[in-house]
Amino acid sequence: IGTLTPKPQEGNPQPRLYRLPQDEALINRMGFNNGGVLGAIDRLKKRKSSVIVGGNIGKNKVTPNEDALDDYLYCLEALHPYVDYFAVNVSSPNTPNLRDLQEKEPLKKLLLGVKAANAQHPQPKPILLKIAPDLSNGQLDDIIEIVRETQIEGVIATNTTIRREPLTSDKKFIELLGAGGLSGKPVKQRSTEVIRYLHQKSGGAFAIIGVG
């Protein structure tokens, strides 16, 4: 569920979701629209299903990157009794500057903070990192190193792409739609390449959830 943020936020102005039937794809720029983590907990308390629930956590748009850890920790603490694992989302293209948190040092600091807070609980939950498909192989090498150093449990590969090269829909129409993350069939190949690269280069050292 999520991505959830500490405070409720509207997300980006509508319309913000577009179908590309010819490409079997979507472009979205939702912007972490949600009622805040506490609102989600109210609904989680009422659920009767035993399905595995991952809490996808992020930062509010108004929170500067230097304070991002505070937002992630707030969500982790609030959600901890109600989810089975956590997805740390630093890879949405629809929150300004969020992807800067994927850089090596900010990411390591963020994950070490989340991991330390999680370890304070009697039953720590698995922590997974959700990454973008637009990372280079060199950046993926950094991700492997960071997963090893922080000892988080795995990676979710991948979020949506900001690239438009794979699309066959009319280019002028695509330009009119504007910014946003592309998902669906056009990202399948890159998503799979990222999964394969991470698995092979790490020697299968951690769990990978494949999405795209």
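Residues numbered from 1 in each chain as written. Predicted model: local features only at pLDDT ≥ 70, side-chain atom pairs only at ≥ 80, totals over all residues. Heavy atoms only, no water.

Trainee: For this particular structure, what's the right way to read the overall build of the protein?
Mentor: The secondary structure content of the protein amounts to six helices and eight strands. The C-alpha radius of gyration of the protein comes to 17 Å, within 12% of the 17 Å expected for a compact globule of 212 residues. Taken along its principal axes, the extent of the C-alpha atoms in the protein is 55 × 40 × 35 Å. Burial analysis of the protein (212 residues in total) assigns 49% to the buried set. (Helix = DSSP H or I, 4+ residues; strand = E, 2+ residues; numbered from the N terminus. Rg over C-alpha atoms; globule rule 2.2 N^0.38 Å. Buried < 20%, exposed > 50% of the residue type's maximum accessible area, 1.4 Å probe, protein only.)

Trainee: Would you mind going over the side chain of Asn-28 with me for this structure?
Mentor: Tracing the sequence through the fold places Asn-28 in strand E2 (residues 25-28). Residue Asn-28 is classed as buried on the basis of its relative accessible area of 17%. Only 3.0 Å separates the side chain of Asn-28 from the backbone nitrogen of Met-30, close enough to count as a polar contact. Ignoring anything within four residues of it in the chain, the contact list for Asn-28 reads Arg-16, Leu-17, Asn-94, Thr-160, Gly-180 and Gly-181. (Polar contact = N/O pair within 3.5 Å; in protein donor to acceptor, adjacent residues only side chain to side chain. Contact = heavy atoms within 4.5 Å.)

Trainee: What should I look at first to understand the layout of surface pockets in this one?
Mentor: Leftover empty space is mapped by rolling, across the atoms, a probe with the size of a water molecule. A volume near 260 Å³ is recorded for the largest pocket. Every residue lining the largest pocket is counted, 17 residues in all, and those nearest its centre are Gly-2, Thr-3, Phe-32, Asn-89 and Ser-92. For the lining of the largest pocket, the class distribution of residues is four nonpolar, 12 polar and one charged. One number sums up the size of the second largest pocket: a volume of about 160 Å³. Arg-99, Gln-102, Glu-103, Lys-104, Leu-107, Ala-132, Asp-134, Leu-135, Gln-139, Asp-142, Ile-143 and Ile-146 are the residues that line the second largest pocket. The set of elements that each furnish at least two residues to the lining of the second largest pocket consists of helix H3 (104-119) and helix H4 (137-150). Looking at the lining of the second largest pocket element by element, the count peaks at four residues for H4. Tallied by class, residues from the lining of the second largest pocket come to five nonpolar, two polar and five charged. (1 Å grid on protein atoms, 1.4 Å probe; cavity = no way out; pocket = protein on both sides within 12 Å on 5 of 7 lines; lining within 4 Å. Points joined across faces, edges and corners; volume = space filled by probe spheres on them. Nonpolar A, V, L, I, M, F, W, Y, C, P; charged D, E, K, R; others polar.)

Trainee: Explanation requested: unusual backbone geometry in the structure shown.
Mentor: As a rule of thumb, non-glycine residues mostly have phi less than zero, and peptide bonds are mostly trans rather than cis. For the bond from Gln-14 to Pro-15, the omega torsion is 0°, close enough to zero to count as cis. For Pro-15, the position within the fold is in the segment before strand E1 (17-20). Ala-157 connects to Thr-158 through a cis peptide bond whose omega is 10°. The backbone of Phe-32 shows a phi angle near 55°, a positive value even though the residue is not glycine. The topology assignment puts Phe-32 in the loop between E2 and helix H1 (37-44). In this structure, Gln-151 is a non-glycine residue whose phi angle is positive, near 60°. Summarising the element assignment, Gln-151 is placed in the loop between H4 and strand E6 (154-157).

Trainee: Teacher, can you tell me more about the nonpolar core here?
Mentor: Within soluble globular proteins, side chains that are nonpolar generally end up buried alongside one another. Tyr-72, Leu-79, Val-88, Ile-131, Ile-143 and Leu-198 are the most contacted members of the largest nonpolar core, which has 41 residues in total. For this core, the elements supplying multiple residues, two or more each, are H1, helix H2 (68-79), strand E4 (85-89), H3, strand E5 (127-131), H4, E6 and helix H6 (185-202). When residues in this core are grouped by element, the largest group, six residues, is from H2. Judged by nonpolar contacts, the second largest core, of eight residues, contains Leu-20, Ala-25, Ile-174 and Leu-177. (Core = buried A, V, L, I, M, F, W, Y, C linked by side-chain atoms within 4.5 Å.)

Trainee: Could you clarify how one ought to interpret the pattern of salt bridges in this entry?
Mentor: Close approach of charged atoms allows side chains with opposite charge to pair. A full pass over the atoms with the stated rule returns nine salt bridges. Lys-201 is the partner of Asp-141 in a salt bridge, and the nearest nitrogen-oxygen pair spans 3.4 Å. On the criterion of sequence distance, the pair formed by Asp-141 in helix H4 and Lys-201 in helix H6 is long-range, its members being 60 residues apart. Lys-201 gets classed as partly exposed once you look at its relative accessible area, which sits at 49%. Within the structure, one salt-bridge network assembled from shared partners comprises Lys-104, Asp-142 and Glu-145. (Salt bridge = Lys/Arg side-chain N within 4 Å of Asp/Glu carboxyl O.)

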